[in-house]
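Here's the letter readout for the chains.
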Amino acid sequence: MKKLYLTLILVLFLATAAFAKVNINTANVDELTTLNGIGKTKAEAIVAYRTANGNFKTVDDLTKVNGIGDKIIEKIKPDVTVGE
């Protein structure tokens, strides 16, 4: 019975982690590359822009990053956040 409870807890933890949004103000390159349409080069550009200009105020501010347009924003919008 104990194994069953541990298994359920593990499954709930993994399900929660799978649905967690990526914070574009704190994510590193590896975390950003998990987003649909964001490869290593774009992830590096996001981090470089954030370092030079400060945190993003909205997800739509990503369009200020070279190589990221409205189509990519629409793809990733459900999966990202700028935090609280």
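Since the model is a prediction, treat every value here as computed from it, not as a measurement.

Rules behind the numbers
Residues numbered from 1 in each chain as written. Predicted model: local features only at pLDDT ≥ 70, side-chain atom pairs only at ≥ 80, totals over all residues. Heavy atoms only, no water. Helix = DSSP H or I, 4+ residues; strand = E, 2+ residues; numbered from the N terminus. Contact = heavy atoms within 4.5 Å. Phe/Tyr/Trp six-rings, centres within 6.5 Å; stacked < 30°, edge-to-face > 60°. Buried < 20%, exposed > 50% of the residue type's maximum accessible area, 1.4 Å probe, protein only. Core = buried A, V, L, I, M, F, W, Y, C linked by side-chain atoms within 4.5 Å. Salt bridge = Lys/Arg side-chain N within 4 Å of Asp/Glu carboxyl O.

**Let's talk about the overall build of the protein**
No. 1: Broken down by element type, the protein carries four helices and two strands.
No. 2: Tracing the protein from N to C terminus, the helices and strands come up as α-β-α-α-α-β.
No. 3: Summarising the internal contacts of the protein: among those between residues at least 6 apart in sequence, 46% fall at separations of at least 24.

**Observations concerning the packing of aromatic side chains**
No. 1: Scanning all chains against the criterion turns up one aromatic pair.
No. 2: When the ring of Y49 is compared with that of F56, the centres are 5.6 Å apart and the planes differ by 15°; the resulting orientation is stacked.
No. 3: Assessed through its relative accessible area of 4%, F56 is described here as buried.

**Quick word on the nonpolar core**
No. 1: With 18 residues, the main nonpolar core has L32, I38, I46, L62 and I68 as its most contacted residues.
No. 2: Those elements giving two or more residues to this core turn out to be α3 (40-53) and α4 (70-76).
No. 3: With sequence-adjacent residues up to four places away left out, L62 is seen in contact with I24, I46, F56, I68, I73 and I76.

**A closer look at the pattern of salt bridges**
If charged atoms from side chains of opposite charge come close, those side chains can pair.
No. 1: All chains considered together, the criterion is met by three salt bridges.
No. 2: E44 is the partner of K40 in a salt bridge, and the nearest nitrogen-oxygen pair spans 3.9 Å. Residue K40 and its partner E44 are both found in helix α3; the two are separated by four residues, about one turn of the helix.
No. 3: Take K40: its relative accessible area is 57%, and that puts it in the exposed class.
No. 4: In this structure E44 comes out as partly exposed when scored by relative accessible area, which is 37%.
No. 5: We note a salt bridge from D60 to K77, for which the minimum N-O separation is 3.0 Å. Here the residue D60 occupies a position in the loop between α3 and α4, and K77 occupies one in the loop between α4 and β2 (80-81), the gap between them amounting to 17 residues.

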